[in-house]
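Here are the chains, one letter per residue:
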Amino acid sequence: MRLINAVRELDDGLVTIAFHTRAERRAMFVREADEAVCLEDLGIDAAGTPYLDLDVLQAALRASRAEAAWVGWGFVAERPGFVELCDRLGVVFIGPSAAVMQRLGDKIEAKRLADSAGVPMAPWSGGPVDTPEEAAAAAERIGYPLMVKAAAGGGGRGIRRVDGPAQLAAAVESARSEGAKSFGDPTVFLERVVTAARHVEVQVIADSHGTVWAPGVRDCSVQRRNQKVIEESASTALSPDHDARLREAAIRLTRSVGYVGAATVEFLYQPEEDLLAFLEVNTRLQVEHPITEMTAGIDLVKLQLSVARGDRLEGEPPSSRGHAIEARLNAEDPQRGFAPAPGRIDTLALPHGPGVRVDTGVAAGDRIAPEYDSMIAKVIAWGPDRDQARLRLRRALQQTVVLVDGGTTNKSFLLDLLDRPEVVQGTADTGWLDRLTAEGGHQTDRLAEVALMAAAIDVHESEGAVDRARFLSTAARGRPETDGDVGHTVELRAGQHDYRLHVATGDLEGWYRITLDDRVVDVVLDRQDRSRGRLRIGDRTHRVVTQASATDHLVEVDGVTHRLSRDDGGLVRAPAVALVVAVEVAPGDTVTAGQRIAVVEAMKMETVLAAPTDGVVEAVHVSPNTQVDAGGPIMTIRKVQQDSPTSRTSPRLQISDTPTVPDDAVAQRMDLMRSMLLGFDVITEGGLDDAGSAGQQATVHRELQLLRTFADLCALTRDRRTGDQGHEGRSPRGQFNAYLRTLDADHEGLPGWFRDRLHDALAHYGIHDLDRTPLLEAAVHRIHLAAQRREEQ
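In every chain, residue numbers begin from 1 and rise along the written sequence. It should be noted that, the model being predicted, local features are given only for residues of pLDDT at least 70 and side-chain atom pairs only at 80 or more, the latter also being counted only at that level, while totals for whole chains, interfaces and linings use all residues. Heavy atoms throughout the structure, all of them, feed into the side-chain values; hydrogens and water do not.

Draft legend 1. Fine view of the overall build of the protein chain. Only DSSP runs of H or I reaching four residues or more are called helices, and only runs of E reaching two or more are called strands; each is numbered from the N terminus. If you tally the helices and strands in the protein chain, you get 22 helices and 36 strands. Principal-axis analysis of the C-alpha atoms gives the protein chain an extent of 105 × 65 × 55 Å. For the protein chain, the proportion of its 793 residues judged to be buried stands at 52%. Within the protein chain, contacts between residues at least 6 apart in sequence are counted, and of these 62% link residues at least 24 apart. Surface exposure here means Shrake-Rupley accessible area, sampled with a 1.4 Å probe, where a residue is shielded only by the protein chains that are shown. Here the protein chain displays about 35000 Å² of accessible surface, and carbon together with sulfur accounts for 47% of that area. Only protein chains enter the accessibility calculation, which uses a 1.4 Å probe; a residue is then buried when its area is under 20% of its type maximum, exposed when over 50%, and partly exposed in between. Residue contacts are counted whenever heavy atoms from the two residues lie within 4.5 Å of one another.

Here it is as structure tokens:
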């Protein structure tokens, strides 16, 4: 989509051709491209993903008659073999030559080049390590802690931290395996960890005439497991002198190899020691390039196309203006160890307003596939200064609504990060976020009680819809039946605790009465659509977004996401479509909350599943190397009641009684009585004889309204005929039951006197015509319930 947008703005006759798989036939980039070629329709069996198979790509390039290839920042973007393929076919590769890519894309060769160019380096192995013995010898020279890194690829994959000799062999093997699976190359090397460091990088664009620009320096220190989360331009850690030195070093290195195209030169900076250390060169455009575009006022994709055509970079390099920050909105679940959480996008509302940009490749209805990257969108904000940019980004994320059927996003996590002191002050180093998440510091129970009530309302409404459907079904057969129960009891689990709430409906306008542990709270839910609304509790109003799956409820309250689950009998489920890598417990084992019990792999990432509670493993439903669907059963754990450390740090939620203003006590009692008269679930004890305000004009008026409500509903549903019905054979209740068969007064031939009474009764529910709507269906259901409670009324 990034390329398609740039080409359309050029308006010079270029035609875009999208290569895609069958599963992506309706994806946004395929819909928006001028032409499309399905890689799986070319008659060649791909070895793995067709996006990495050079035989498939060769056939696609020929079939499409392509003149140039733009590969973005994934798959073959840093694969010299693909560049060589383009050269053989006479296709212009929009990027560096194969030879230059080979030298710089190989992190080992790039380090040797940087060393020869005088770029500062951290201690490293000096080359690849192929055996455990070579790794141990190199580690001894370098010292611990150190990093094991794949020589190919990027995106944080193939990287492992090692804090001591005992971890080295396993880390090397794991990095080699991931490098081979992700990039087709198992080569790894070792490098000393620069502790408390900042990750800074220089954006470079170079033409074929020897001109190299370095239009921006970015700070990407807020990263988790070597995957960038929040990026900004420029870095708060660098002085103007450091900024200039980095740009000069990046220009010197790329010019020395005759680079053409866009690249990123990455460094670590240790502020306390004033130490700069070269990391690597990414021979492609990077995900975070928009923040450089916004501060430098350029379009890097258009510049890529320009220099690939042989054009010169004219004039002086652009200077930076203001500050930009980007957040990566991903389909992952921070509450479940950042497990990938793909699925179909049910709702997508993107932000707008001054200084905000969103780059995305999906729309509502699209599917986030588990086979590929989990990114949904990049949300970028620019401001004249850093604080304004941060606040704009926070506002933009608050406006963003993404509901993934069967999945979720990290939006709440990003909002929390933007308000953390380390991000506000710009002091986070590359290890900060890993330290925070390892301690569970990113988890919060703020506003959890509101989420609990919102989820309970959703369950109550869902069960109420079933009750209503059953009522209408029996009414259509001439014998309307309703359940006499008042409201619903809802059982939910949040964290380590189980909750049993009673939810009662007070009217058709969103009033609910919720009871938990003998505490009662009245709330009003103003629904804006099926998922979004405002929940008012007393004098507080919260924006809520709710999403229910078969077993879980995701509730976002003022930007804070909480996961609640229905009572699932101790069943642990897969967070996404995944491959079971390992099962680490067996039936009969005792486990504690948070203990590692299994490992699954989804979206090329391994995810550890933890025990949700203290208990005993009753059954294991999967075995290693088997596929499991999203929500599929992994194992069953029988809960045991004990005071575990986890439960001590997770206090039980409580709700506060709704504050009542003394002057409103009579009005509140009347509201309760009116709700009861209309057949709703809120029940009041006693009448008004103890209200203590008889004779006040307003009170008398409301008493008369209550009597009118009672009279109108009685007149509609009484069993005996009266004089105004003439010789009509059916009582009002008989006429009402006839009407309930179809909810069509004309079809049932109902007399005028009954229609008048029906209109009078429905007016008390805010309904003034007889068109069949969900609101009308709800009202007649309540009228029938009211008739059943006549003695009590």
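Back to the write-up after that little detour.
Draft legend 2. Spatial organisation of the pairing of strand β12 (residues 275-282). Along β12, seven of the eight residues are buried, which leaves the element largely enclosed by surrounding structure. Pairing between strands is defined by DSSP: at least two bridges between them are needed. Bridge analysis of strand β11 (residues 261-270) against β12 gives seven bridges, and the strand direction is antiparallel. When the sheet's bridge partners are listed, T264 is paired in β12 with N282. What sits between the antiparallel neighbours β11 and β12 is a turn of four residues, in which D274 has the positive phi angle 55°.

Draft legend 3. Spatial organisation of unusual backbone geometry. The omega torsion of the bond from Y144 to P145 falls at 0°, within 30 degrees of zero and hence cis. Secondary-structure assignment places P145 in the loop between α7 (132-142) and β5 (146-150). Positive phi values are uncommon outside glycine, yet R65 reaches one of about 60°. By the element assignment, R65 lies in the loop between α3 (54-64) and β3 (68-69). Not every positive phi belongs to a glycine, and D517 is a case in point at roughly 50°. When you line up the elements, D517 lands in the loop between β23 (511-516) and β24 (519-527). Assessed through its relative accessible area of 45%, D517 is described here as partly exposed.

Draft legend 4. Quick look at the pattern of salt bridges. Any Lys or Arg side-chain nitrogen located within 4 Å of an Asp or Glu carboxyl oxygen qualifies as a salt bridge. Within the structure shown, the criterion is met by 55 salt bridges. In this structure, the salt-bridge partner of R563 is D333, at a minimum N-O distance of 2.4 Å. With R563 in strand β28 (residues 560-566) and D333 in strand β14 (residues 332-333), the pair connects residues that are 230 residues apart, well separated along the chain. The two residues R563 and D333 agree in class, both being buried. One salt bridge connects K411 with E556, and the closest N-O pair in it is separated by 2.7 Å. Linking K411 in helix α13 (residues 411-418) with E556 in strand β27 (residues 552-557), this pair joins segments that are 145 residues apart in sequence. For the pair formed by K411 and E556, the shared burial category is buried. Each of E201, R218, K228, E231, E266, E288 and R328 takes part in salt bridges that share partners, so that together they form one network.

Draft legend 5. Just α13, in detail. With seven of eight residues buried, α13 is to be regarded as a mostly interior element. Of all the residues in α13, the buried ones are K411, S412, F413, L414, L415, L417 and L418.

Draft legend 6. A look at the pairing of strand β32 (residues 596-602). Counting buried positions over the seven residues of β32 gives five, a clear majority of the element. Where strand β30 (residues 578-583) lies against β32, four bridges are found, and the strand directions are antiparallel. Across the sheet, A582 pairs through a bridge with V599, a residue of β32. Bridge count for β32 against strand β33 (residues 605-610) is six bridges, and the pairing is antiparallel. Across the sheet, residue V599 finds its bridge partner in β33, namely V608.

Draft legend 7. Representation of the sheet that holds strand β34 (residues 615-620) within the structure. Taken together, the four strands give an open sheet; going across it, the order is β29-β36-β34-β31, and neighbouring strands pair in antiparallel fashion. In the strand order of this sheet, the two ends are held by β29 (571-573) and β31 (590-591), each with one partner. Here β34 runs beside strand β36 (residues 633-639); their pairing, made up of five bridges, is antiparallel. In the strand pairing of β36, V616 is matched with R638.

Draft legend 8. Focus on the packing of helix α16 (residues 448-476) against helix α22 (residues 774-788). Contact pair α16 / α22: the axes reach a minimum separation of 10 Å and the direction vectors enclose 75°. Considering the angle they form, α16 stands roughly perpendicular to α22. Judged by residue contacts, D467, R468, F471 and L472 of α16 engage E777, A778, V780, H781 and H784 from α22. Polarity classes work like this: nonpolar for Ala, Val, Leu, Ile, Met, Phe, Trp, Tyr, Cys and Pro, charged for Asp, Glu, Lys and Arg, and polar for all others, with Gly in that last group. Residues of the contact of α16 with α22, tallied by class, amount to four nonpolar, two polar and three charged. Note on definitions: angles span 0 to 180 degrees between N-to-C directions of axes, and those axes are lines fitted to C-alpha atoms, for helices only across the stretch in contact. Should an angle lie under 35 degrees it is considered roughly parallel, over 145 roughly antiparallel, and from 65 to 115 roughly perpendicular; all remaining angles are considered oblique.

Draft legend 9. The arrangement of the packing of aromatic side chains in detail. Stacked, tilted and edge-to-face are the three classes assigned to paired rings of Phe, Tyr and Trp, where Trp is represented by its six-membered ring and a pair needs centres within 6.5 Å; plane angles under 30 degrees give stacked, over 60 edge-to-face, the rest tilted. One pass over the full model with this rule turns up 10 aromatic pairs. Seen in terms of ring centroids, F82 and F93 are 6.1 Å apart; in terms of plane orientation they differ by 75°. Their pairing is edge-to-face. Of this pair, F82 sits in helix α4 (residues 80-89) while F93 is found in strand β4 (residues 92-93), placing the two residues 11 residues apart along the sequence. Side by side, F82 and F93 carry an identical accessibility label, which is buried. Look at F267 and F278: their rings are 6.1 Å apart centre to centre, the planes differ by 75°, and that puts the pair in the edge-to-face class. With F267 in strand β11 and F278 in strand β12, the pair connects residues that are 11 residues apart, well separated along the chain.

Draft legend 10. Up close: a nonpolar patch on the surface. Exposure above 30% relative accessible area and the lack of any salt bridge qualify a residue for a patch; like charges then connect within 9 Å, and the nonpolar side chains Val, Leu, Ile, Met, Phe, Trp and Tyr within 5 Å. Nonpolar side chains collect at one region of the surface, where V700, L704 and L707 lie side by side and expose about 270 Å² of accessible area between them. Within the secondary structure, L707 is located in helix α19 (residues 697-717). L707 gets classed as exposed once you look at its relative accessible area, which sits at 56%.

Draft legend 11. Representation of empty space enclosed by the protein within the structure. Using only the protein atoms, space was sampled on a 1 Å grid; points where a 1.4 Å probe fits but cannot get out form cavities, open sets with protein on both sides within 12 Å along at least five of seven lines form pockets, and lining residues are those with an atom within 4 Å of a point. Grid points are joined across faces, edges and corners, and a volume is the space filled by probe spheres set on the points. Taken as a whole and judged by the stated rule, the model has five cavities of 30 Å³ or more. Taken as a whole, the largest cavity spans an internal volume of roughly 140 Å³. If you list the elements that add at least two residues to the lining of the largest cavity, you get β20 (401-405), β26 (540-548) and β27. Taken together, the residues that form the lining of the largest cavity break down as six nonpolar, five polar and two charged. Counted as a void, the second largest cavity has a volume near 100 Å³. Forming the walls of the second largest cavity are 17 residues, and the residues nearest its centre are D219, V222, E232, R386 and V423. Those elements that provide at least two residues to the lining of the second largest cavity are β9 (212-224), β10 (227-233), α12 (386-399) and α14 (421-424).

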